[in-house]
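# A closer look at the structure
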Amino acid sequence: EDQVTQSPEALRLQEGESSSLNCSYTVSGLRGLFWYRQDPGKGPEFLFTLYSAGEEKEKERLKATLTKKESFLHITAPKPEDSATYLCAVQAWDDSWGKLQFGAGTQVVVTP
Amino acid sequence: DVKVTQSSRYLVKRTGEKVFLECVQDMDHENMFWYRQDPGLGLRLIYFSYDVKMKEKGDIPEGYSVSREKKERFSLILESASTNQTSMYLCASSLWGRSNTEAFFGQGTRLTVV
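In this text the structure is predicted, and so the values were computed from the model without any measurement. (Residues numbered from 1 in each chain as written. Chains lettered and ligands numbered in written order. Predicted model: local features only at pLDDT ≥ 70, side-chain atom pairs only at ≥ 80, totals over all residues. Heavy atoms only, no water.)

## Quick look at the overall build of chain B
Condition: By definition, any uninterrupted DSSP run of H or I lasting at least four residues is a helix, any uninterrupted run of E lasting at least two residues is a strand, and each is numbered from the N terminus. Every radius of gyration here is taken over C-alpha atoms, with the globule rule written as 2.2 Å times N^0.38, N being the number of residues. Here's how the labels work: a residue is buried when its accessible area is under 20% of the maximum for its type, exposed when over 50%, partly exposed in between, all with a 1.4 Å probe on protein chains only. Throughout, a residue-residue contact means that at least one pair of heavy atoms, one from each residue, lies within 4.5 Å. Where accessible areas are quoted, they stem from the Shrake-Rupley method and a 1.4 Å probe; at the residue level, only the protein chains shown are allowed to cover.
A tally of regular secondary structure across chain B gives 0 helices and 11 strands. Secondary structure elements of chain B occur, N-terminal to C-terminal, as β-β-β-β-β-β-β-β-β-β-β. Computed over the C-alpha atoms, the radius of gyration of chain B is 13 Å, within 12% of the 13 Å expected from 2.2 N^0.38 for a compact globule of 114 residues. Its C-alpha atoms give chain B principal-axis dimensions of about 40 × 30 × 25 Å. Residue burial in chain B is summarised as follows: out of 114 residues, 49% are buried. Sequence separation of 24 or more characterises 55% of the internal contacts of chain B that already satisfy a separation of 6 or more. Just so you have it, chain B exposes about 5,700 Å², and 49% of that area is on carbon and sulfur atoms.

## Re the pattern of salt bridges
Residues and elements named next belong to chain B. Basically, it comes down to this: By salt bridge we mean one thing: a side-chain nitrogen of Lys or Arg within 4 Å of a carboxyl oxygen of Asp or Glu.
Considering all chains together, one arrives at 9 salt bridges over all chains under this definition. Taking the shortest distance from any N to any O, the salt bridge between Asp28 and Lys71 comes out at 3.1 Å. Separated by 43 residues along the polypeptide, Asp28 in the loop between β3 (19-25) and β4 (31-38) and Lys71 in the loop between β7 (64-70) and β8 (73-78) bring together distant segments of the chain. The class of Asp28 is exposed, set by a relative accessible area of 52%. Three or more residues are tied together by salt bridges with common partners; here these are Arg36, Asp38 and Arg44.

## Structural notes on the nonpolar core
Rule in force here: For this analysis, a nonpolar core means a set of buried residues of the types Ala, Val, Leu, Ile, Met, Phe, Trp, Tyr and Cys, connected via side-chain atoms within 4.5 Å.
Core analysis: the biggest nonpolar cluster contains 24 residues, and Leu21, Leu33, Trp35, Leu73, Tyr86 and Val108 of chain A have the highest contact counts within it. At 5 residues, strand β9 (residues 84-92) of chain A tops the list of elements feeding residues into this core.

## Considering the interface of chain B and chain A
So the rule is basically this: Accessible area that two parts lose when put together, evaluated with a 1.4 Å probe and summed over both, is termed the buried area. Under this definition, polar contacts are N or O atom pairs within 3.5 Å; protein pairs additionally need one hydrogen-donor-capable and one acceptor-capable atom, and for neighbouring residues in sequence, both atoms have to be side-chain atoms. Any residue outside Ala, Val, Leu, Ile, Met, Phe, Trp, Tyr, Cys, Pro, Asp, Glu, Lys and Arg is labelled polar, Gly included; the first ten of those are nonpolar and the last four are charged.
Contacts between the two partners involve 26 residues from chain B and, on the opposite side, 23 residues from chain A. A combined buried area of about 1,900 Å² lies between chain B and chain A, and 56% of that area is made up of carbon and sulfur atoms. Across the chain B-chain A interface, the total number found is 5 residue pairs in polar contact (both at pLDDT 80 or more). Elements that contribute at least two residues to the side of chain B that touches chain A include exactly β4, β5 (42-51), β9 (87-94) and β10 (104-105) of chain B. The element contributing the most residues to the side of chain B that touches chain A is β5 of chain B, with 5 residues. Across the side of chain B that touches chain A, the residue classes tally to 12 nonpolar, 10 polar and 4 charged.

## A few points about the pairing of β4 of chain B
Residues and elements named next belong to chain B. Convention followed: A pair of strands is treated as paired once DSSP finds two or more bridges between them.
Within β4, 8 of the 8 residues are buried, leaving the element largely enclosed by the surrounding structure. Here β4 shows two buried faces, one formed by Asn31, Phe33, Tyr35 and Gln37 and the other by Met32, Trp34, Arg36 and Asp38. Relative to β9, β4 runs antiparallel, the two being bridged by 7 bridges. Within β9, the residue paired with Arg36 across the bridge is Tyr89. Two strands pair when backbone bridges link them, and β4 and β5 are joined in this way by 7 bridges, in the antiparallel orientation. Across the sheet, residue Asp38 finds its bridge partner in β5, namely Gly42.

Right under this line is the structure:
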C-alpha cells in the first residue's frame, strides 16, 4: 500500500532562518511526487512535480529535491508570507487515473 | 489559469439531510476528484471520475455518491448527512495522461452537520 509520511508536523521559524521539510514515501513505482501549499481555509495550491531521483525544482525561496525514498522541501531565508501548510503527495506508476496519496502535511509558521 | 470552483465555501446542514456539493472546472480536464480533509488525517479520496458518467470509489466512499453528467461538473452527494461527515471537502481536476498530471484544487467547502 502506498504511504506518505511528512515530518515534522509543525515548524516554527524566525524570518530568514532556513530549514527543510521531509516527505518519505513508499510506492510500488513512482509516477510523480507533488508538493502543494495550503493556506488556512483554502484549497491546496500546486507548487512542484518531481518525477525521478536527482531531480530538483525551484520557485522563489522554495526548492524541492527527490531521492528514491524521500523528498525535501527547502525553504531559504523564509518570510512571514511563507507561513502555510505544505503537503506532499505521490502518484503511483500503475495508476491510470491520477490519484494522489497525500501526507498529513507540515504546518510552517514564520515569525518576523 | 486553471480554475476549479466549488459552489459553496461554508455549509451548515442538519443530520439526515441530503446534501449536494458542486464542483466545476474550466480546463477541459478528464479527471475529477473529491477529497475530504480532517486534522491529522490529511486528504483522503472519496470518489473520482475519469470521464462523463464514469466513477470509481476512492478510499472512503461510504455514505457518499457522485454524479458526472457533464465533463466540467462533478457533484458529491451525501445521501443522509451525519455528524461524522463534518469536514472540509475539496474538489480537484487533472489531465489524463503520462505527464503533467498535477491536480488543481478548488477553494474547499467547509461542511458542518448539526
